[in-house]
There are 2 protein chains.
Amino acid sequence: MENEKFKVTPWEVSGKIDYKKLVEYFGVDEMSDSLIKRFPQQHFMLRRKIFYAHRDLDFILDEHEKGTKFYLYTGRGPSGKTHMGHLLPWIFNKYLQDTFKVELYFQITDDEKFLFNEKLTLEDTKKLAYDNALDVIALGFDPGKTTIFLDTENANVLYPLAIKIAKKITFSTTKAVFGFTNSTNIGSIFYTSMQSVPAFLLSELESRRVPCLIPCAIDQDPHFRVTRDVAESLGYYKPASMYCKLLPGLLGNEKMSSSQPESSIFTTDDEATVRKKIVNTFTGGAVSIKEQRLHGGNPDICSVHSYLYFFFEQDDKKLNEMYSRCRSGDLLCGECKEILIGKVNRFLKKHQKGREKAKDNITKFVKKIEVK
Amino acid sequence: MENEKFKVTPWEVSGKIDYKKLVEYFGVDEMSDSLIKRFPQQHFMLRRKIFYAHRDLDFILDEHEKGTKFYLYTGRGPSGKTHMGHLLPWIFNKYLQDTFKVELYFQITDDEKFLFNEKLTLEDTKKLAYDNALDVIALGFDPGKTTIFLDTENANVLYPLAIKIAKKITFSTTKAVFGFTNSTNIGSIFYTSMQSVPAFLLSELESRRVPCLIPCAIDQDPHFRVTRDVAESLGYYKPASMYCKLLPGLLGNEKMSSSQPESSIFTTDDEATVRKKIVNTFTGGAVSIKEQRLHGGNPDICSVHSYLYFFFEQDDKKLNEMYSRCRSGDLLCGECKEILIGKVNRFLKKHQKGREKAKDNITKFVKKIEVK
């Protein structure tokens, strides 16, 4: 999706995203309060509508309430190191796995990132895939219910299903949905079929229709629109999806970007690096302390506040208090940054330990998909 | 390639093929007498220039004479039962394997035939793949030097290499080479990369450049033009190729066709079916016996003669004698047809025994490609 103000595709996000408009453009539904109430626990990403849009989530909840098993599918395109923006939807998947006791298929698209990035070799993306997997594992998923898989290592299972999907998608469709041109390479053109496969995988493996829920960032919706269009003619359910907003960059941009390292907090950043990045963060502060004490700051445009809102202050009461104190000029940027630095470094210390431990457990998670 | 008179693409052959023109259109080289003389034995398909065109065959023979190992790659698109037209290039591959003591990689493109045929399921093409493989095995290939493989069963090896190729091919290229349009499905668009892979497979498996020779029918050249264009930038040799003419149909058409069963002799046809088909064959006979005795027949337009020429009379002296006797009005169509019926049925009796025996040996030939 592209207009003059912003652009959101699976491969490029730029400009100031209007999430309301995106809902219209993509044709997804906004999360309603009544839907959110149907979740056994109110995760903060639901309460705050960080996961703010969906397709057919009511179907998944209906099936769950009837006692039908569903499964989760999400993934990662391994184009660089993992940053906080990547972790958010994975953390939400972990909450869903714990809450509903469901299986998760986690696709690492080493083929995609190779095909869409001129500079990355397949060896690069495969190496990044294994590194990124450590971050997934570190979040504490249940090894008995989680399969992390690389596309190129599971092509025996994925490719035969991908061509069944591909046979139903024309080049015209990919032009319209992804903006491809005659100069697009034929691997990239085919790729969306590979991203569709996990939405049908459990149905294929179990030879019966199994509902699938895809919780991920909103920029991936174009793929799943295509997936949904072909689903029923192949005898599968349309996958449902839940979409989150994108964690803004530290420099006031709309999405963290691996190509702009100072705008992102990577999971492997050390304490000093985190401090330096947050100290340099774009805030909603006034031009001077005096000015700020007088008129207050603007947390609505502040990256520090965004980080607290999106993840680091999950207590609504505390967050609102900080918001008010900022508005009133009581909480200055320096103090607020110190709070965030402390929270980020505590989180990363634990996460980095988890990454180290994950190295010993990697084969429990990164698996060949088993044909049952 | 398409002009007003004929069309030759990997998926459609129609009209009266002008093989001289095809050489120009495709930009291949005709087989020269000096090249043919470099073969240790003069196979009748070389002498008669049934294998009449090539790319870089001199490179393969140079390498062979220097003591460098090369390998053969050919294949089959499993869209129906095997007929005599399919067997011809395989028989030639067997001669090359025996003569040069080289490995053969035989690709069965169950993905291709599924993607390009609206009516075939992947289950259909996979079943046909195993049936067609019996015909390959029945020809007597060396099991120690032959790997027959299905694309969908070897995607773990093929897909990662196919995307390296695909990254270098744009949709524009496939439009120009194959005539694809915006309505072509994205699996078909990607497919040519899968057909390129075996040309580089041994180089990839052995981590060094191994020359590859592709002996097949001329209609497959468009794929290998693309393969050759990307080869060097991926660090491989361009594959060489040898192209044969297409065995004409029994009804005077230019190619045997599985969709017109009466125009083809299938390897599983029984004696009575063969007799019936050959009795009904289009010949170069005159309107009456009297007329033919007086003015002779025309073997140049005769399907019975074509069958003798392409395979069933490999003795040049005997073939020339039949040609002259036809021209002079001495050999009538009925007698000539009886000769062909006898030869075809003797060949098929042996071949069908070979097919039965092949069922016990199939796992010696149809293998997973081993990553060394």
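Here is what the cut-offs are and how they apply
- Residues numbered from 1 in each chain as written.
- Chains lettered and ligands numbered in written order.
- Predicted model: local features only at pLDDT ≥ 70, side-chain atom pairs only at ≥ 80, totals over all residues.
- Heavy atoms only, no water.
- Helix = DSSP H or I, 4+ residues; strand = E, 2+ residues; numbered from the N terminus.
- Rg over C-alpha atoms; globule rule 2.2 N^0.38 Å.
- Buried < 20%, exposed > 50% of the residue type's maximum accessible area, 1.4 Å probe, protein only.
- Contact = heavy atoms within 4.5 Å.
- Areas by Shrake-Rupley, 256 points an atom, 1.4 Å probe, with all protein chains shown as cover.
- Lys, Arg positive; Asp, Glu negative; His and termini not counted.
- Charge placed at Lys NZ, Arg CZ, Asp CG, Glu CD.
- Buried area = accessible area lost by both parts, 1.4 Å probe.
- Salt bridge = Lys/Arg side-chain N within 4 Å of Asp/Glu carboxyl O.
- Polar contact = N/O pair within 3.5 Å; in protein donor to acceptor, adjacent residues only side chain to side chain.
- Nonpolar A, V, L, I, M, F, W, Y, C, P; charged D, E, K, R; others polar.
- Least-squares fit on C-alpha atoms with pLDDT ≥ 70 in both.

> Any details on the overall build of chain A? Residues and values, ideally.
Looking only at helices and strands, one finds 17 helices and nine strands in chain A. The globule rule puts the C-alpha radius of gyration for 372 residues at 21 Å, and the 21 Å found for chain A is close to it. Each principal axis of the C-alpha distribution contributes one length, and for chain A these read about 65 × 45 × 45 Å. The 372 residues of chain A split such that 58% are buried. A fraction of 75% describes how many contacts in chain A between residues 6 or more apart in sequence connect residues 24 or more apart. In the form shown here, chain A has an accessible surface area of approximately 15,400 Å², with 49% of it arising from carbon and sulfur atoms. Both charge centroids of chain A, one from 55 positive and one from 49 negative side chains, sit 2 Å from each other.

> Can you lay out the environment of E232 of chain B for me, pointing to particular residues and giving the numbers?
In this structure, E232 of chain B sits in the loop between α12 (221–231) and β9 (240–244). Put simply, E232 of chain B and Q42 of chain B are 190 residues apart on the chain and 32 Å apart in space, counted from C-alpha to C-alpha.

> Any details on the interface of chain A and chain B? Residues and values, ideally.
At the junction of the two partners, chain A supplies 37 residues and chain B supplies 37 residues. Looking at the side of chain A facing chain B, the largest losses of area belong to Y159, K167 and I186 of chain A, adding up to 27% of the total buried there. Counting across the interface, chain A meets chain B through two salt bridges. In this structure, the connection of chain A to chain B is made through 21 residue pairs in polar contact (both at pLDDT 80 or more). Going through the elements one at a time, α6 (110–116), α7 (122–138), α8 (155–166), α9 (171–178) and α10 (186–196) of chain A are the ones with two or more residues in the side of chain A that touches chain B. Among the residues making up the side of chain A that touches chain B, the classes are represented as 15 nonpolar, 15 polar and seven charged.

> Pulling in residues and values, what's your account of the environment of D111 of chain A?
One can find D111 of chain A in helix α6. A relative accessible area of 0% places D111 of chain A in the buried class. Taking C-alpha positions, D111 of chain A is 8.7 Å from G187 of chain A, a pair spaced 76 residues apart along the chain. Setting aside residues up to four positions removed in sequence, D111 of chain A forms contacts with L122, D151, T152, Y191 and M194 of chain A together with Y159 and I163 of chain B.

> If you had to explain helix α15 (residues 303–312) of chain B to someone new, which residues and values would you point to?
All names here are of chain B. Most of α15 sits out of view: nine of its 10 residues are buried. Residues S303, V304, H305, S306, Y307, L308, F310, F311 and F312 constitute the buried set of α15. Considering only its buried residues, α15 is in contact with α3 (44–47), α5 (84–100), α16 (316–328) and α17 (333–365).

> Describe α12 of chain B, listing the residues and the values that go with them.
Within α12 of chain B, nine of the 11 residues are buried, which leaves it mostly tucked inside the rest of the structure. Listing the buried residues of α12 of chain B in full gives D221, P222, H223, F224, V226, T227, R228, V230 and A231 of chain B.

> Explain the relation of the copies chain A and chain B residue by residue, including any values.
Its rotation angle being 180 degrees, the transformation that places chain A on chain B also includes 0.0 Å of axial translation and leaves an RMSD of 0.0 Å. Read as a symmetry element, the transformation amounts to a two-fold axis.

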